[in-house]
Every structure is written in C-alpha cells, then in structure tokens.
Amino acid sequence: MAGPTGRGDSLGAALNDLLRSQVTPRHRLSSYNAKHWHAQLSQLTATHRGQQALEDAGLHVTTKTLINWLSDAEYNVRRSYLDIIHTAYENVAIVPADPLPDHIKDGQYEISGVVKTGDDVRTRGTPDANPLRIDGSRGHWDEIEELWLAGELTDDEFEDHFIDDVIVEDIGEGTDGWEPGASYSVEVR
C-alpha cells in the first residue's frame, strides 16, 4: 500500500513536497497586506481575532482614543503604540505551522533517485535497484521541526538535516551522494 509521496529535483525538495502535503506550513494570510498603521488598525478592529491580538500585544487605550485614531489617518500616534499595532497585525497575519505529525517522524521512508552510498552510485527505486529504505523513528527530528515551525526549512536545510539526523542515525555514515537536478521521490509508510 503506497503512502504519502513527495517529489522534487533534489532530496530536500522531495522531502519538503512530502511534508507540505501532510501539514500546513507557516504562512502569511494574503488578506493581511496593509502597510500603514491606520489601515492595519482598521483591519484589526474589524474582527474579534484582531481585537484580541491588539489586547494581547498590550494596546490599552480608551474607546474614545481608539475612535479618534480610526477617524483620522493623520492622527499623531506615539511610536510605542504604532509598534504595538504593527506587532498585533503581524501576529494575526502569520499562521503558524502545524507541528510534524508522528507518522512523519516515525515513518518508514523509501527514497528513489540517484543515491551514493560509499562507492555504490545508482538510481534507486527502479526494477534494478530497490528504493533506499530509512527508518525515520531512529532519527532526531528536533532541528528539522524547529526550522519547520519557524518557516525556515528550505530544501537545502531539510536535505542536510535529514541526511545527518535521520539517515545517518538509521544506517550510519557513508550516504553522502545526492545529485541536485535529478528526480527524487520520497514515500513514507
């Protein structure tokens, strides 16, 4: 039975494709693109979630002050309040990434593509060569998950950490050949 599969032109790209098909990455809501404090404040005060973000960021002003600000885009607002408005806006605009699910961290991986292990270089996942099988449960996923949650898990970072923290933990040193530009697929079971 086939499991979720990711594909890409590098091992890291295939891994990221797989992960993004399973969980939501950290991202910015497209509707939050206001630059000026007044537009940001107007958008925040229009929703309960935005009002809560303002409160959580530390905006404590009277209703009268808030109405004055909203009625005049040129109102002279102190810098500290502008920073609070901007912080609240960013907190609402950014959707945090889902944590890595157990089936990703504990899964059995089958990697197809050009793989070098020691002196053995071949295209895995063909009729002539089985996919490289890796037990993800033996890996150390902390740094990968930290980068994922921060929205900084690039293809190169994922590939480097997956090799060092997952593959090496399962089969040991020596798997060091991955050819960027080749076609890779990664299936997790």
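Every value quoted in this text rests on a predicted model; they were computed, and no experiment measured them.

**Describing the pattern of salt bridges**
For side chains of opposite charge, pairing can occur when their charged atoms come near one another.
Phase 1: Tallied over the entire structure, the rule returns eight salt bridges.
Phase 2: Of the charged contacts in the structure, one is a salt bridge between Glu90 and Arg28, with a shortest N-O distance of 2.7 Å. Taken together, the positions of Glu90 in helix 5 (residues 79-93) and Arg28 in strand 2 (residues 27-28) put the pair 62 residues apart, joining distant regions of the chain.
Phase 3: Taking relative accessible area as the criterion, Glu90 reaches 24% and is therefore assigned partly exposed.
Phase 4: Asp170 serves as the salt-bridge partner of Arg138, at 3.5 Å between the closest nitrogen and oxygen. Remark: Asp170 occurs in helix 8 (residues 155-171) and Arg138 occurs in the loop between strand 6 (132-135) and helix 7 (142-149); sequence separation between them is 32 residues.
Phase 5: When salt bridges with common partners are traced through the structure, they connect Glu110, Arg133, Glu187 and Arg189 into a single cluster.

**What to know about the packing of helix 2 (residues 37-45) against helix 5**
Any two packed helices are characterised by the angle at which their axes cross and by the distance between the axes.
Phase 1: Axis separation between helix 2 and helix 5 bottoms out at 10 Å; the angle between their running directions is 55 degrees. Judged by the angle between their axes, helix 2 and helix 5 are oblique. Seen along the crossing, helix 2 lies across helix 5 with a hand that is left-handed. Residue-level contacts link Trp37, Gln40, Leu41, Gln43 and Leu44 of helix 2 to Leu82, Ile85, His86, Ala88, Tyr89 and Val92 of helix 5.
Phase 2: Considered class by class, the residues forming the contact of helix 2 with helix 5 number eight nonpolar, three polar and no charged.

**Comments concerning a negative patch on the surface**
Phase 1: Together, Asp9, Asp142, Glu143, Glu146, Glu152, Asp155, Asp156, Glu157, Asp160, Asp164, Glu169 and Glu173 line one region of the surface with negative charge.
Phase 2: Looking at the negative patch, the elements that each hand over two or more residues are helix 7 and helix 8.
Phase 3: The greatest single-element share of the negative patch, amounting to six residues, is contributed by helix 8.
Phase 4: Position of Asp164 among the secondary structure elements: in helix 8.

What counts and what doesn't
- Residues numbered from 1 in each chain as written.
- Predicted model: local features only at pLDDT ≥ 70, side-chain atom pairs only at ≥ 80, totals over all residues.
- Heavy atoms only, no water.
- Salt bridge = Lys/Arg side-chain N within 4 Å of Asp/Glu carboxyl O.
- Helix = DSSP H or I, 4+ residues; strand = E, 2+ residues; numbered from the N terminus.
- Buried < 20%, exposed > 50% of the residue type's maximum accessible area, 1.4 Å probe, protein only.
- Axes fitted to C-alpha atoms, helices over the stretch in contact; angles between N-to-C directions.
- Parallel < 35°, antiparallel > 145°, perpendicular 65-115°, else oblique.
- Left-handed = near helix turned anticlockwise from the far one by under 90°.
- Contact = heavy atoms within 4.5 Å.
- Nonpolar A, V, L, I, M, F, W, Y, C, P; charged D, E, K, R; others polar.
- Patch = residues over 30% accessible without salt bridge, like charges linked within 9 Å, V, L, I, M, F, W, Y side chains within 5 Å.
- Areas by Shrake-Rupley, 256 points an atom, 1.4 Å probe, with all protein chains shown as cover.
- Lys, Arg positive; Asp, Glu negative; His and termini not counted.
- Charge placed at Lys NZ, Arg CZ, Asp CG, Glu CD.

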